[in-house]
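Fold and geometry: a report
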Amino acid sequence: MADATVIGRGTRIRGKVSGSGDLEIDGQVEGEVSVEGDLTVGSTGIVSSDLAGRRIIVRGAVQGDVTGEESIALEDGARVVGTVRAPRVAILPGALMRGRLEVGDFGVAPPARVTTSSQSKPSSPSRVATTSHFAPARAPAASAASAQSRVPAPPVIAQPRASAQAAHAAKRIEVASPPPRHSEVSALALDVEQEQEEEGPPSSEMPVPLNSDENSIEIPSVPSIKKGARGMLAKKR
Amino acid sequence: MSSTVIGAGITIEGEIFADEEVVVQGVVRGKLSSKEAITVEHGALVEADVDGGSFAVSGTITGNISSTDRVDLLSGSRVVGNVRAGRITIADGAQFKGNVDMDV
């Protein structure tokens with residue numbers, strides 16, 4: 001029995017789609033989609049709901065949050081408005097996206113990244129300080145680090161993997177620009193951006209994810225924009 | 001392949017409208033409507049009112065069936081609900097409880 005589920009291009013579903021097995025959406029789905037297997041939104045697929053799956057490939061239109069347990073690939077033709085969240089995210093040429101992008105491990109351990117080591121700088125006092133930052137985990141890791149600080153070898157391995165990944169994720173996240181959430185105020189937001197900086201950080205009303213310190217984008221919330229706009233108008237008068 | 005397949009592990013709760021053939025192997029609750037043929041395979045569970053072209057039922061349907069063409073209740077099927085169709089066959093081994101309306 002074929003286990004793969006296909007929502008054909010002539011099919012519209014309003015409601016909740018859930019379960020195990022793979023799912024391909026070439027039609028329209030309004031509601032909630034949550035599968036344990038792989039999820040593909042085909043080029044004719046139109047989804048206005050939150051999506052959750054193990055590995056997600058998007059080639060169609062999605063309005064809603066996309067959460068991949070393992071990975072997400074936005075391929076040519078993808079149009080995504082919403083939060084994209086997965087340990088690994090690929091945005092390929094031809095894919096369009098507007099919204100928050102959260103890449104990194106959110107409780108789920110991604111595979112070890114060898115590429116981070118090439119980005120690390122050689123040994124320096126600040127690095128040793130960084131290592132001692134993780135004092136509770138001193139037992140095996142820090143002893144190795146101190147051993148390495150005695151021997152002038154490249155101590156790349158000594159750096160805690162988590163912080164290396166976080167730095168890597170933060171680095172990658174910088175590529176995405178903070179997106180305007182509300183199209184009607186986006187034009188206003190451009191004018192107002194500088195006003196906001198003068199008024200200090202915007203009041204954070206957006207839901208902040210775990211370990212947001214390093215790999216999240218500050219999205220100005222609507223009230224703060226309006227406040228900024230009022231401030232601008234007041235100054236003009 | 002231009003048809004919809006609802007696989008064995010999948011549950012859909014809500015409304016499904018299709019312009020194409022629909023094959024159900026999993027679970028559908030709510031409403032299922034297609035302009036083409038609907039196949040409910042062995043092991044599938046449909047708790048919904050179902051509108052479609054021709055029907056081939058081997059699984060379980062709880063709800064009313066309305067067909068523009070024909071309904072075939074195959075061996076192993078279990079249907080509780082009213083069936084409205086121009087042509088109906090009920091195979092040996094099919095379970096059926098409900099009214100039949102053949103537009104006579």
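All values reported here derive from a predicted model rather than from experimental measurement. (Residues numbered from 1 in each chain as written. Chains lettered and ligands numbered in written order. Predicted model: local features only at pLDDT ≥ 70, side-chain atom pairs only at ≥ 80, totals over all residues.)

Further remarks concern the overall build of chain A. A count of helices and strands for chain A gives 6 helices and 13 strands. Counting every position in chain A, which comprises 237 residues, the buried fraction comes to 29%. Relative to all contacts within chain A whose residues are 6 or more apart in sequence, the contacts with residues 24 or more apart total 25%. (Helix = DSSP H or I, 4+ residues; strand = E, 2+ residues; numbered from the N terminus. Buried ≥ 20, exposed ≤ 12 C-beta atoms within 10 Å, placed from the backbone. Contact = placed C-beta atoms within 7 Å.)

What follows deals with the confidence of the model for chain B. Residues and elements named next belong to chain B. Confidence in the prediction of chain B, expressed as mean pLDDT, is 94, and 98% of residues score 70 or more. Mean pLDDT in chain B bottoms out at strand β15 (residues 100–101), which sits at 94, and peaks at strand β8 (residues 60–62), which reaches 97. Under the prediction, the complex receives an ipTM of 0.91, its pTM being 0.61. (pLDDT = per-residue confidence, 0-100.)

With that settled, the discussion passes to the pairing of strand β4 (residues 27–34) of chain B. On a regular strand, each side chain points to the face opposite its neighbour's, so the side chains alternate between the two faces of the sheet. All names here are of chain B. Here strand β2 (residues 10–18) pairs with β4 via 8 bridges, running parallel. Opposite T11, over in β4, you have V27 as the bridge partner. Note that β4 and strand β6 (residues 45–52) share 7 bridges and pair parallel. Its bridge partner being in β6, G30 is matched across the sheet by A48. (Pairing = 2+ DSSP bridges.)

Here we come to the interface of chain A and chain B. Many descriptions give the size of an interface as the accessible area lost when the pieces come together. Across the contact, 24 residues belong to chain A and 23 residues belong to chain B. Every element with two or more residues in the side of chain A that touches chain B is listed here: β1 (5–7) and β2 (11–19) of chain A. Counting residues per element, the side of chain A that touches chain B draws most heavily on β2 of chain A, at 9 residues. Residue classes in the side of chain A that touches chain B are distributed as 8 nonpolar, 11 polar and 5 charged. The pairing of β2 of chain A with β2 of chain B spans 9 bridges and is antiparallel. Paired with I13 of chain A across the bridge in β2 of chain B is I16 of chain B. (Nonpolar A, V, L, I, M, F, W, Y, C, P; charged D, E, K, R; others polar.)

Quick look at the nonpolar core now. Within the largest apolar cluster, 56 residues are counted, with the highest numbers of intra-cluster contacts made by V58 of chain A together with V28 and V46 of chain B. When sequence neighbours within four positions are dropped, the list of residues in contact with V58 of chain A reads V41, V66, L74, E75, A78 and V80 of chain A. (Core = buried A, V, L, I, M, F, W, Y, C linked by C-beta atoms within 7 Å.)

Okay, the environment of I13 of chain A next. Locating I13 of chain A in the fold gives a position in strand β2. With 28 C-beta atoms packed within 10 Å, I13 of chain A lands in the buried category. The spatial distance from the C-alpha of I13 of chain A to the C-alpha of G31 of chain A is 7.9 Å, given a sequence separation of 18 residues. Each residue touching I13 of chain A, except ones within four places of it in the same chain, is listed here: I7, V29 and G31 of chain A together with I12, G14, E15 and I16 of chain B.

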